[in-house]
Amino acid sequence: MHRTPLNPPLVLVAHGTRDPAGPRVVERIAAAAADRLATSVRAAYVDVIGPSVGEVLREIDGPAVVLPAFLAAGYHVRADLPEQLGAERRRVLVTAPLGPAPELAAAMRDRLAEVGWRPGRSVLFSAAGSADPRARADVRRAADLLGGLLRQRLGPSYLTTAHPTTAEVAATTAPAFLAPYLLAPGAFHRELAALPGVAARPIGDHPGWWTWWSTGTGTRSAAAFRRTAAG
């Protein structure tokens, strides 16, 4: 049955990876979002693959809401995406990025449980790195949130750019489990899976994504939808 969208179209913007498993996860998130929000949801990418943000926006008539599907507010959120949006010269509302958020920490805990983690087993938190100190602060916050749920102190480690690196920490601490602060599979997750310890899956299309949408940042995003529709 055809439903008339209740909200303006949503553009879900991810980083992009040449690993075909990555876009499949993003498309599953977009499909679930479309079903729950009763609106059109399109996936776009800021790097590596297409369609680009501009290509998707040029196929949308009227206002749109852009959701940066990033787990920290680094270069792509603060510089790359705004630059690409500015080149389009059109009306969009950009929400806050996905993370950090308690709901995503809960999703990471569930991913660890899937691969056998139990209370008391050691965990190493691993994220994609950033040269932006504000992004690294977001990652530290995400590590604190997960550590609170696991009842162990977690410090962040990074797969690239920042220190300490995940490989360095894994070599000295021999963690039992590796918790990827990653949205989708790709080169970073393959690198993580090659290290000692059992690597959990990325957050992906975990149902916690929808808990996030209905509370906290997601609530503000939903309000942004309504304001854009009314305007």
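Residues numbered from 1 in each chain as written. Predicted model: local features only at pLDDT ≥ 70, side-chain atom pairs only at ≥ 80, totals over all residues. Heavy atoms only, no water.

### Comments concerning the pattern of salt bridges
- This structure, assessed with the given rule, holds 9 salt bridges.
- The shortest N-O distance in the salt bridge between arginine 111 and glutamate 114 comes to 2.9 Å. Of the two residues, arginine 111 and glutamate 114 both sit in helix 4 (residues 102–114), 3 residues apart, roughly one turn of that helix.
- Classification of glutamate 114 by relative accessible area gives partly exposed; the value is 44%. (Salt bridge = Lys/Arg side-chain N within 4 Å of Asp/Glu carboxyl O. Helix = DSSP H or I, 4+ residues; strand = E, 2+ residues; numbered from the N terminus. Buried < 20%, exposed > 50% of the residue type's maximum accessible area, 1.4 Å probe, protein only.)

### Some details on the packing of aromatic side chains
- Across all of its chains, the model carries 1 aromatic pair by this definition.
- Both rings, one in phenylalanine 125 and one in tyrosine 181, keep their centres 5.4 Å apart while their planes meet at 35°; by these two values the pair is tilted. Of this pair, phenylalanine 125 sits in strand 5 (residues 123–127) while tyrosine 181 is found in strand 7 (residues 177–181), placing the two residues 56 residues apart along the sequence.
- Exposure remark for tyrosine 181: the relative accessible area of 5% places this residue in the buried category. (Phe/Tyr/Trp six-rings, centres within 6.5 Å; stacked < 30°, edge-to-face > 60°.)

### A closer look at helix 3 (residues 75–86)
- Taking 1.5 Å per residue as the helical rise, helix 3 with its 12 residues ought to reach 16 Å, and the 15 Å between its terminal C-alpha atoms agrees with that figure.
- Regarding helix 3, the residues found buried are His76, Val77, Asp80, Leu81, Gln84 and Leu85. Buried residues along helix 3 cover an arc of 130° about the axis, so they all sit on one side.
- Buried-residue contacts for helix 3 involve strand 1 (10–14), strand 2 (41–45), helix 2 (53–57), strand 3 (64–68) and strand 4 (92–94). (Expected span 1.5 Å × (residues − 1). Arc of directions from axis to C-beta. Contact = heavy atoms within 4.5 Å.)

### Overview of the layout of surface pockets
- Reported here for the largest pocket is a volume of approximately 840 Å³.
- Along the walls of the largest pocket sit 37 residues, with His15, Phe70, Ala128, Leu182 and Phe188 positioned nearest its centre.
- The leading source of residues in the lining of the largest pocket is helix 7 (residues 187–193), at 4 residues.
- Partitioned by chemical class, the residues of the lining of the largest pocket number 22 nonpolar, 11 polar and 4 charged. (1 Å grid on protein atoms, 1.4 Å probe; cavity = no way out; pocket = protein on both sides within 12 Å on 5 of 7 lines; lining within 4 Å. Points joined across faces, edges and corners; volume = space filled by probe spheres on them. Nonpolar A, V, L, I, M, F, W, Y, C, P; charged D, E, K, R; others polar.)

### Description of helix 1 (residues 21–37)
- The terminal C-alpha atoms of helix 1, which comprises 17 residues, lie 24 Å apart, in line with the 24 Å expected from a rise of 1.5 Å per residue.
- Along helix 1, the residues that are buried comprise Ala21, Gly22, Pro23, Val25, Val26, Ile29, Ala30, Ala33 and Leu37.

### A word on the pairing of strand 2
- Most of strand 2 is tucked away, with 4 of its 5 residues classed as buried.
- Pairing between strand 1 and strand 2: 5 bridges, direction parallel. Across the sheet, residue valine 13 finds its bridge partner in strand 2, namely alanine 44.
- A crossover links strand 1 with its parallel partner strand 2, the connecting element being helix 1, and its sense is right-handed. (Pairing = 2+ DSSP bridges. Right-handed = clockwise from strand over helix to strand, strands pointing away.)

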